[in-house]
Amino acid sequence: MAAFKSMDKEQLTAVRAALMAEYEGYKAKKLSLNMARGKPSSAQLDISSDLFHSLDETNCISADGTDCRNYGEMTGIDEAKALFADILEVDPKNVIVCGNASLTLMFDFLAQCMFDYGDHIAWSRQEDAKFIAVVPGYDRHFAIASYFGLKLVNVPMTPTGPDMDLVEELIKDPSVKGMFCVPKYSNPDGYTYSDETVERLAAMEPAAKDFRVVWDNAYVVHDLYDEGDRLKEIFSAAKKYGHEDYFVEFASTSKITFSGAGISCIVASDHNIDLIRMRLQVQVISYDKLNMLRHTNVLKSAADVKERMKKHAAILRPKFEAVLAILEEELGGLGVAHWTKPRGGYFISFYLEKGSAKRVYELCSAAGMSITKVGATYPYGIDPDDSNIRIAPSYPSIDEIKTCARLLCAAVKVAVSEAQ
Ligand SMILES: Cc1ncc(COP(=O)(O)O)c(C=O)c1O
């Protein structure tokens, strides 16, 4: 395709016609494909069928004698705290285990910061509060911040984490109140923050003393290969600088067991845990401890979780590899697109030449394939370069995902040829 430049008008017309014919071939198949949904396939959900049999009326008392059918233990049962503490390499006393979605916990935490946050002035009563959005990123983070009226400031993601020079510059402004981070297998690039990035984040000296990093460790155990990426633990890094209060971590079993029917947690410093507990006392009597037990009866340690994640990887890995192989075969070396090659998580990030992602989206949609809306990976739905497409290989079958990848490549070639 790089050869486009050297083609005369006639040659170009012939190549365009051939590429369009290939694309029309897909269209004629009247496909109905979806490569937009970042959720587990049914086969992955089947891995956790044991949860249906892990609890009955004979074993619903937790280790410390709590009857999990009743109110009580607002911050979660000890077994569940120990499980998340083991996974996240933190102290169980700094863990609160909650309901089915970590996203709700992030929303609630930011709501607390907006309304009343301990010794700090509520963000809603401060002038022009802003939040850093690492881009491309997770649309629902951006939606929460926008909902609360926090203005989002873009910081580009790099293979080693956010552009830290820019972060360090931005935090000199006291109206910058925090940032979203997905530190392992980021959504959508699949990058893991390097030790140096984690250390620089831990060492940050924000002008805003009420600065908070939403450390969304959604993909902490979601390795596609036995040897997964290694992420430096943030609280032990922050402790060296006395900065533990700047970080609040979130995780869940949404993509370990059942999505939307798992358990979730918040991890925070002693000080922040006290404040969160005070708020929860108003908000909830207790979370679903039966579901916590259902989980901890089958997942007793991080090692058990690792074993379960290997079963997920056996299903997910061939899908990721199929997409990557097709992208390489169809587009490798053409210089018209590049893409990430994650070793875990749920997404591949695909980058086109500036100004062409929307056209590719249109072509894919017209041929019966849903892909994540262009712009969804940026605040306010605006990708300034019109370049990024999030590929979600998890849900379709392997045959479907291969067709999706081929169709995407056909659409890319048409879009590129049109732009000549
Ligand atoms: C980065 C990230 N955080 C959080 C979530 C949602 O997690 P939960 O189901 O625990 O609310 C997702 C789901 O795709 C995600 O990609």
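So, how was this worked out
- Per chain, residue numbering runs from 1 following the sequence as it is written.
- Local features in this predicted model are restricted to residues of pLDDT 70 or higher, and side-chain atom pairs are both shown and tallied only at a pLDDT of 80 or more, whereas totals for entire chains, interfaces and linings draw on every residue.
- Only hydrogens and water are removed before side-chain values are computed, so all heavy atoms of the structure are retained for them.
- Domain boundaries shown here were taken from an automatic or database domain assignment.
- Contacts are residue-level and defined by heavy atoms, with any inter-residue pair within 4.5 Å sufficient.
- Summed over both partners, the accessible surface that disappears when two parts come together, traced with a 1.4 Å probe, is what is meant by buried area.
- Salt bridges are defined by distance alone: a side-chain nitrogen of Lys or Arg within 4 Å of a carboxyl oxygen of Asp or Glu.
- Polar contacts, as used here, are pairs of N or O atoms within 3.5 Å; protein pairs need one atom able to donate a hydrogen and one able to accept it. Residues neighboring in sequence count only if both atoms are side-chain atoms.
- Helix numbering and strand numbering both begin at the N terminus, where a helix is a DSSP run of H or I of at least 4 residues and a strand a DSSP run of E of at least 2.
- Under the grouping applied here, Gly and all other residues not named as nonpolar or charged are polar, the nonpolar ones being Ala, Val, Leu, Ile, Met, Phe, Trp, Tyr, Cys and Pro and the charged ones Asp, Glu, Lys and Arg.
- For each residue, the accessible area found with a 1.4 Å probe, counting protein chains only, is set against the maximum for its type, and the residue is called buried under 20%, exposed over 50%, and partly exposed in between.
- Being near a molecule or strand, for a residue, means having at least one of its heavy atoms within 4 Å of it.
- Only the protein chains shown count as cover for residues, and the accessible areas themselves come from Shrake-Rupley with a 1.4 Å probe.
- Criterion used throughout: strands pair if DSSP finds at least two bridges between them.
- Under this scheme, a helix contributes an axis fitted over its contacting stretch, all axes are lines through C-alpha atoms, and angles between N-to-C directions fall in the 0 to 180 degree range.
- Here is the rule: rings of Phe, Tyr and Trp (six-membered ring for Trp) pair when centre to centre is within 6.5 Å. Planes less than 30 degrees apart are stacked, more than 60 are edge-to-face, and the remainder are tilted.
- To sit over a ring, a charge needs its Lys NZ or Arg CZ within 6 Å of the ring centre and within 35 degrees of the ring normal.

Q: Quick rundown of the domain arrangement of the chain? Include the residues and the values.
A: Segmentation of the chain into domains returns domain 1 (2-44 + 306-418) and domain 2 (54-300). One C-alpha centre belongs to domain 1, the other to domain 2; they are set 31 Å apart. Each partner contributes residues to the interface: domain 1 has 30 residues there, and domain 2 has 31 residues. It is Met-309, Arg-343 and Pro-379 that lose the most area in domain 1 upon contact with domain 2, and together they represent 25% of the buried surface on that side. For the pair domain 1 and domain 2, the interface holds zero salt bridges. The interface formed by domain 1 and domain 2 holds 14 residue pairs in polar contact (both at pLDDT 80 or more) in total. Those elements that place two or more of their residues in the side of domain 1 that touches domain 2 are α11 (302-331), β11 (348-352) and β13 (388-391). Among the elements that line the side of domain 1 that touches domain 2, the one with the most residues is α11, at 10 residues. A breakdown of the residues in the side of domain 1 that touches domain 2 according to their chemical character gives 15 nonpolar, eight polar and seven charged.

Q: How would you sum up the environment of Ala-207? Please name residues and give values.
A: Mapping Ala-207 onto the fold places it in the loop between α7 (195-203) and β7 (212-216). Under the relative-accessibility criterion, Ala-207 is labelled partly exposed at 37%. In this structure the C-alpha to C-alpha distance between Ala-207 and Ile-171, which are 36 residues apart in sequence, comes to 6.1 Å. Aside from chain neighbours lying at most four places away, what touches Ala-207 is Ile-171, Lys-172, Asp-173 and Pro-174.

Q: Describe in detail the site of the ligand, supporting the description with residues and values.
A: Close contacts around the ligand come from Ala-101, Ser-102, Leu-103, Tyr-138, Val-182, Asn-187, Asp-216, Ala-218, Tyr-219, Ser-252, Ser-254 and Lys-255, and that covers them all. Interatomic distance of 2.6 Å between a side-chain N/O atom of Tyr-219 and an oxygen atom of the ligand. Note that an oxygen atom of the ligand is positioned 2.7 Å from one of the side-chain N or O atoms of Lys-255. Calculation on the ligand without its partners gives an accessible area of 390 Å², and the protein chains cover 87% of this total. Classifying every residue of the shell around the ligand gives six nonpolar, four polar and two charged.

Q: Outline the side chain of Ser-417, supporting the account with residue identities and numerical values.
A: Residue placement: Ser-417 occurs in helix α13 (residues 398-418). One polar contact links the side chain of Ser-417 to the main-chain carbonyl oxygen of Val-414, over a distance of 2.9 Å. In contact with Ser-417, other than residues within four places in its own chain, are Phe-4, Arg-16 and Leu-19.

Q: Provide a residue-level description of the pairing of β13, including the pertinent values.
A: Judged by which residues are buried, β13 turns out to be covered on both faces: Asn-388 and Arg-390 on one side and Ile-389 and Ile-391 on the other are all buried. Sheet analysis places β11 next to β13, joined by four bridges and oriented antiparallel. Residue Ile-348 lies in a different strand from β13, and its bridge partner there is Ile-391.

Q: Tell me what's going on with the sheet that holds strand β6 (residues 176-181), and back it up with residues and numbers.
A: Spatially, β2-β9-β8-β7-β6-β3-β4-β5 is the arrangement adopted by the eight strands of the open sheet, whose pairing is mixed. If you trace the sheet from one side to the other, it starts and ends with β2 (95-97) and β5 (161-162), each paired once. Pairing geometry for β2 and strand β9 (residues 264-268), over three bridges, is antiparallel. The residue bridging Ile-96 from the neighbouring strand is Ile-266, located in β9. Across the sheet, helix α3 (residues 78-88) touches β2, β8 (247-252) and β9, and the angle it forms with β2 is around 125°.

Q: Now, about the packing of aromatic side chains: what can you tell me, with residues and values included?
A: One pair of aromatic rings is described through two measures. These are the centre distance and the angle between the planes. Counted under the stated rule, the structure contains 12 aromatic pairs. Here the aromatic rings of Phe-211 and Tyr-246 are separated by 6.4 Å at their centres, their planes lie at 90°, and the arrangement is edge-to-face. With a gap of 35 residues between them, Phe-211 in the loop between α7 and β7 and Tyr-246 in the loop between α8 (234-239) and β8 connect regions that are remote in the sequence. Following the ring pairs from residue to residue traces out a cluster consisting of Phe-107, Tyr-147 and Phe-148. A cation over an aromatic ring shows up here: Lys-39 above the ring of Tyr-395, its NZ or CZ 4.9 Å from the ring centre.

Q: Which residues make up the sheet that holds strand β10 (residues 337-339), and what values do they have?
A: By way of backbone hydrogen bonds, the strands of a sheet pair with one another, either parallel or antiparallel. Here we have three strands laid out as an open sheet, ordered β10-β11-β13, and antiparallel in their pairing. Single-partner strands in this sheet number two, and they are β10 and β13. The mean inter-strand angle of the sheet, taken between neighbouring strand axes irrespective of direction, is 20°. Judged from the three bridges that link them, β10 and β11 form a sheet pairing that is antiparallel. Bridge pairing links Trp-339 to Phe-350 in β11.

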